[in-house]
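# A closer look at the structure
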Amino acid sequence: MFQINTSEIFIPDAISVEKALVRITHLAIAAHQDDIEIMAFQGIVDCFGKVDEWFAGVTVTNGSGSPRDDLYANTTDEDMQKIRRTEQKKAAYMGEYGAQVFLDYGSAIVKDGKNMQLVEDLVALLQATRPRVIYTHNLADKHDTHVAVALRTISAIRQIPKDMRPERVIGCEVWRDQDWLCDSDKVVMDVSRHENLATALLGVYDSQICGGKRYDLATLGRRHAHATFFASHGVDDASALSFGCDLTPLIKDDRLEPSTYIDSLINNFSIEVQERIKKVE
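Definitions and limits used
- Residues numbered from 1 in each chain as written.
- Predicted model: local features only at pLDDT ≥ 70, side-chain atom pairs only at ≥ 80, totals over all residues.
- Heavy atoms only, no water.
- Helix = DSSP H or I, 4+ residues; strand = E, 2+ residues; numbered from the N terminus.
- Rg over C-alpha atoms; globule rule 2.2 N^0.38 Å.
- Buried < 20%, exposed > 50% of the residue type's maximum accessible area, 1.4 Å probe, protein only.
- Contact = heavy atoms within 4.5 Å.
- Areas by Shrake-Rupley, 256 points an atom, 1.4 Å probe, with all protein chains shown as cover.
- Arc of directions from axis to C-beta.
- Pairing = 2+ DSSP bridges.
- Axes fitted to C-alpha atoms, helices over the stretch in contact; angles between N-to-C directions.
- Expected span 1.5 Å × (residues − 1).

### A word on the overall build of the protein
Within the protein, the secondary structure is distributed over 12 helices and eight strands. The C-alpha radius of gyration computed for the protein amounts to 19 Å, which stays within 12% of the reference 19 Å derived for 281 residues, consistent with globular compactness. Taken over 281 residues, the protein has a buried fraction of 51%. Across the protein, the fraction of contacts at a sequence separation of at least 24, relative to all contacts at a separation of at least 6, is 76%. Looking at the protein as shown, the accessible area adds up to about 13,000 Å², and 51% of this sits on carbon and sulfur atoms.

This is the structure:
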């Protein structure tokens, strides 16, 4: 189905691939192992324990080149790829994903805008799943590979007939949160439920946590901070929030450039800041 011969589709409940993919309603397309659990927990928890809604994750890259320390300090790139794939499978099983896809690309290919392999793979996957909601990276993320995955996702959706496209595409937080967005531009995702599941999913990635990056603490801390600091003049309605950027306009209007769209959101923020300063000067 895919162009890299080491790609894989893992089905936690062991039904056929065709039956597994056709049931998917929420799809996360992320650059690296553990990005899915950091950025798309709303989709995971919304489908958890359900029989009529199913979440699937897509990990685009192969996991090589990640920082490592402690137990993993001398781990080779080849072994690290195996370890990270196993960790992602554990998360998929624990989170009751309908499917977990490993496309197994190197980051250089993902970041090459002239290479259409990833776009073609994503088109094939989108046609097989036809999800209602897609979670991917946000266009203001500060990680090049994350932004590249978001752009390839948008390109792939644009190659599908409009009546087959998802209802919504959300750009999510990993390597830059989206508290800066004007509230009217935020997709506010309540991720208060099943914090035990959130903790477990993030804790699966021992190669990252023991390896020197406390993504588990940082992710949960950011969600709690968003909930507390979201509204200054009211009590908290949720204990954990994630913020997204609505990328749906980019799949409604194929002429809209991603750079133009994100620039409009940045401009909205600038206007809001300037107006607040003028109001109280």
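### What about the environment of W180?
With respect to the helices and strands, W180 occurs in the loop between strand 6 (168-172) and strand 7 (186-190). The exposure class of W180 is buried, given its relative accessible area of 18%. Dropping the residues within four chain positions of it, W180 is found in contact with A140, I262, L265, I266 and F269.

### Let's talk about helix 8 (residues 195-203)
Taken residue by residue, helix 8 has L197, A198, L201 and L202 as its buried positions. In a view along the axis of helix 8, the buried residues occupy a sector of 130°, so they form one face of it. Where helix 8 is buried, its residues meet helix 2 (35-39), helix 3 (41-47), helix 4 (77-94), helix 9 (206-209) and helix 10 (215-229).

### Some details on the sheet that holds strand 8 (residues 241-246)
Pairing is mixed in the open sheet, where eight strands are placed in the order 1-4-3-2-5-6-8-7. On the outer flanks of this sheet lie strand 1 (8-10) and strand 7, each paired with one strand and no other. Averaged over all pairs of adjacent strands, the angle between strand axes in this sheet comes to 25°, irrespective of strand direction. Where strand 7 lies against strand 8, five bridges are found, and the strand directions are antiparallel. What sits directly across from K186, in strand 8, is C245.

### Describing the environment of I9
Turning to its location among the elements, I9 is positioned in strand 1. For I9 and A20, which are 11 residues apart along the polypeptide, the C-alpha to C-alpha distance reads 9.8 Å. Sequence-distant contacts of I9, that is, excluding residues within four places in its chain, are made with M1, F2, V17, L21, Q100 and V101.

### Brief notes about helix 10
Look at helix 10: 21 Å from first C-alpha to last across 15 residues, which is about the 21 Å you get at 1.5 Å a residue. All buried positions along helix 10 are accounted for by Y215, D216, T219, L220, R223, H226 and A227. Taken down its axis, helix 10 places every buried residue within 125° of arc, on the same side. Along helix 10, the residues that are exposed and aim more than 90 degrees away from the buried face are L217 and F229. On its buried face, helix 10 is in contact with helix 2, helix 3, helix 8, helix 9 and strand 8.

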